[in-house]
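# Secondary and tertiary structure notes
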Amino acid sequence: MFFDERLCGILQPTRAFGDVALKWSLREKVLMQYVFEDPAYVPNYISPPYLSCTPGVRSIQIDQDTQFLIIATDGLWDGLSDEESVKLIHRKPPGVNSATWLIQHSLAQHNETRLQRILSIPPGPICRNVRDDISVIVIYFNT
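Residues numbered from 1 in each chain as written. Predicted model: local features only at pLDDT ≥ 70, side-chain atom pairs only at ≥ 80, totals over all residues. Heavy atoms only, no water.

One can find serine 85 in helix 3 (residues 82-91). In contact with serine 85, other than residues within four places in its own chain, are Ile70, Leu76, Trp77, Leu80 and Leu102. (Helix = DSSP H or I, 4+ residues; strand = E, 2+ residues; numbered from the N terminus. Contact = heavy atoms within 4.5 Å.)

Right, dumping it as C-alpha cells:
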C-alpha cells in the first residue's frame with residue numbers, strides 16, 4: 001500500500017519502533033477507535049498491518065582489524081552510502097563527535113551553507129519534510 005513512495009502515503013520505512021497505528025490489525029484499529037474515539041488517522045488502511053518492528057540484521061565477524069561499527073537509522077543512509085560513511089569516519093578531525101560528523105554530512109551533502117539552512121528550520125511540519133529523524137551510534141574497537 002504505497003502512495004508517493006510512502007507506506008499508506010505517510011511513512012517511508014517499512015520497519016519502525018514507533019508508528020504503532022501502522023502495526024494494528026483491522027480488529028485492533030476498530031477497537032482503538034471505540035476506546036479512544038479518535039486514534040491516529042491512517043489513510044488507505046485497507047488490509048493491515050503494514051509495518052513490522054523486526055529489524056534488518058546483518059552479521060559480521062569482528063576481529064582485531066575491525067576499527068569501528070556504525071549503527072544508524074534510515075535517515076543517515078538516505079544521504080550517505082556505507083562506503084561514504086566509512087571514508088568520512090577516517091577523515092574526521094580529532095575531537096569531533098563521530099555520530100554528529102556523519103549526521104552533518106548526510107544532511108548537508110558536503111555543503112556547509114545547505115547544512116546551516118537545514119538546521120535553522122524550526123521543528124514542525126516543514127522540518128519533517130526537509131530532514132529525517134537521524135540516530136547514529138559509532139562504536140570504536142581497540143582504541
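Having put the structure on the table, let's press on.
Here the focus is the packing of aromatic side chains. The final tally for this structure, using the stated rule, is 1 aromatic pair. Relative to tyrosine 140, the ring of phenylalanine 68 lies with its centre 6.0 Å away and its plane at 55°, an arrangement referred to as tilted. One end of the pair, phenylalanine 68, is in strand 3 (residues 68-72); the other, tyrosine 140, is in strand 4 (residues 136-140), and 72 residues separate them in sequence. By relative accessible area, phenylalanine 68 is classed as buried at 15%. Note on tyrosine 140: relative accessible area 35%, which makes it partly exposed. (Phe/Tyr/Trp six-rings, centres within 6.5 Å; stacked < 30°, edge-to-face > 60°. Buried < 20%, exposed > 50% of the residue type's maximum accessible area, 1.4 Å probe, protein only.)

What follows concerns the side chain of serine 98. Position of serine 98 among the secondary structure elements: in helix 4 (residues 98-108). A polar contact is formed between the side chain of serine 98 and the side chain of tyrosine 140, at a distance of 2.6 Å. With residues up to four places along the chain from it excluded, the contact list for serine 98 reads Ile89, Lys92, Val138 and Tyr140. (Polar contact = N/O pair within 3.5 Å; in protein donor to acceptor, adjacent residues only side chain to side chain.)

Before going further, it helps to spend a moment on helix 4. Each α-helix turn comprises 3.6 residues. Residues three or four places apart therefore point the same way. The element helix 4 is extensively covered by neighbouring structure, given that 8 of its 11 residues are classed as buried. Those residues of helix 4 not exposed but buried are Ser98, Ala99, Trp101, Leu102, His105, Ser106, Leu107 and Ala108. Among the structural elements, strand 3, helix 2 (74-79), helix 3, helix 5 (112-120) and strand 4 are those in contact with the buried residues of helix 4. At the N-terminal boundary of helix 4, the capping side chain belongs to asparagine 97, with an oxygen 3.0 Å from the backbone nitrogen of alanine 99. Positive phi appears at glutamine 109, one or two residues downstream of helix 4, with a value of about 50°.

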